[in-house]
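Listed below are the residues making up each chain.
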Amino acid sequence: MEKKKDYKISKILCFLLLSFSIIISLSPPTSDYGFKELLHLFYLKLQNQNTPENLKLAELILIQVRLPRLLTTSLFAASLGTAGVLSQGLFRNTLASPS
């Protein structure tokens, strides 16, 4: 029983780091729009309402450029992890085993 470790804190820290990196990747660094405007834009999109004129550029940046890029890289990273797990299970590399 001593060998089994509790990874609850590690899981929470990984989740917080992932959430923080998603927020940072969606926030526009060089435009005049802040986090409040981005949340308002997400809210309008979820409610299926029209975007006001002052947020049209933010909508273009966020919805058509950054969000697809974020989703594509997340899918790519998940597929790399899955490929690693599958190849580890298939080839049973003893150098890369956790023990």
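Residues numbered from 1 in each chain as written. Predicted model: local features only at pLDDT ≥ 70, side-chain atom pairs only at ≥ 80, totals over all residues. Heavy atoms only, no water.

Chemist: Explain unusual backbone geometry to me, please; I cannot follow it from the model alone.
Modeler: Backbone geometry follows two general trends: most residues other than glycine have a negative phi, and most peptide bonds adopt the trans configuration. Of note, Asn-48 is a non-glycine position whose phi angle comes to about 60 degrees, a positive value. Its place among the elements puts Asn-48 in the loop between helix 2 (35–46) and helix 3 (56–91). (Helix = DSSP H or I, 4+ residues; strand = E, 2+ residues; numbered from the N terminus.)

Chemist: I keep staring at the nonpolar core and nothing clicks. Help me out?
Modeler: Nonpolar side chains tend toward joint burial in soluble globular proteins. Among the nonpolar cores identified, the biggest contains 8 residues, and these are Leu-26, Tyr-33, Leu-38, Leu-41, Leu-55, Ala-58, Leu-62 and Leu-70. Those elements giving two or more residues to this core turn out to be helix 2 and helix 3. Considering each element in turn, this core owes the most residues, 3 residues, to helix 3. When neighbours within four sequence positions are excluded, Leu-70 is seen to be in contact with Ile-22, Ser-25 and Leu-26. (Core = buried A, V, L, I, M, F, W, Y, C linked by side-chain atoms within 4.5 Å. Buried < 20%, exposed > 50% of the residue type's maximum accessible area, 1.4 Å probe, protein only. Contact = heavy atoms within 4.5 Å.)

Chemist: Is there a simple way to think about the packing of helix 2 against helix 3 in this case?
Modeler: How two helices pack is summed up by the angle between their axes together with the distance between the axes. As a packed pair, helix 2 and helix 3 sit with axes 10 Å apart at the nearest point and diverge in direction by 75 degrees. It follows that helix 2 is roughly perpendicular to helix 3 by the angle criterion. In this structure, helix 2 contributes Leu-38, Leu-41, Phe-42 and Lys-45 to the contact, and helix 3 contributes Ala-58, Glu-59, Leu-62, Ile-63 and Leu-67. Looking at the contact of helix 2 with helix 3 residue by residue, the class counts come to 7 nonpolar, no polar and 2 charged. (Axes fitted to C-alpha atoms, helices over the stretch in contact; angles between N-to-C directions. Parallel < 35°, antiparallel > 145°, perpendicular 65-115°, else oblique. Nonpolar A, V, L, I, M, F, W, Y, C, P; charged D, E, K, R; others polar.)

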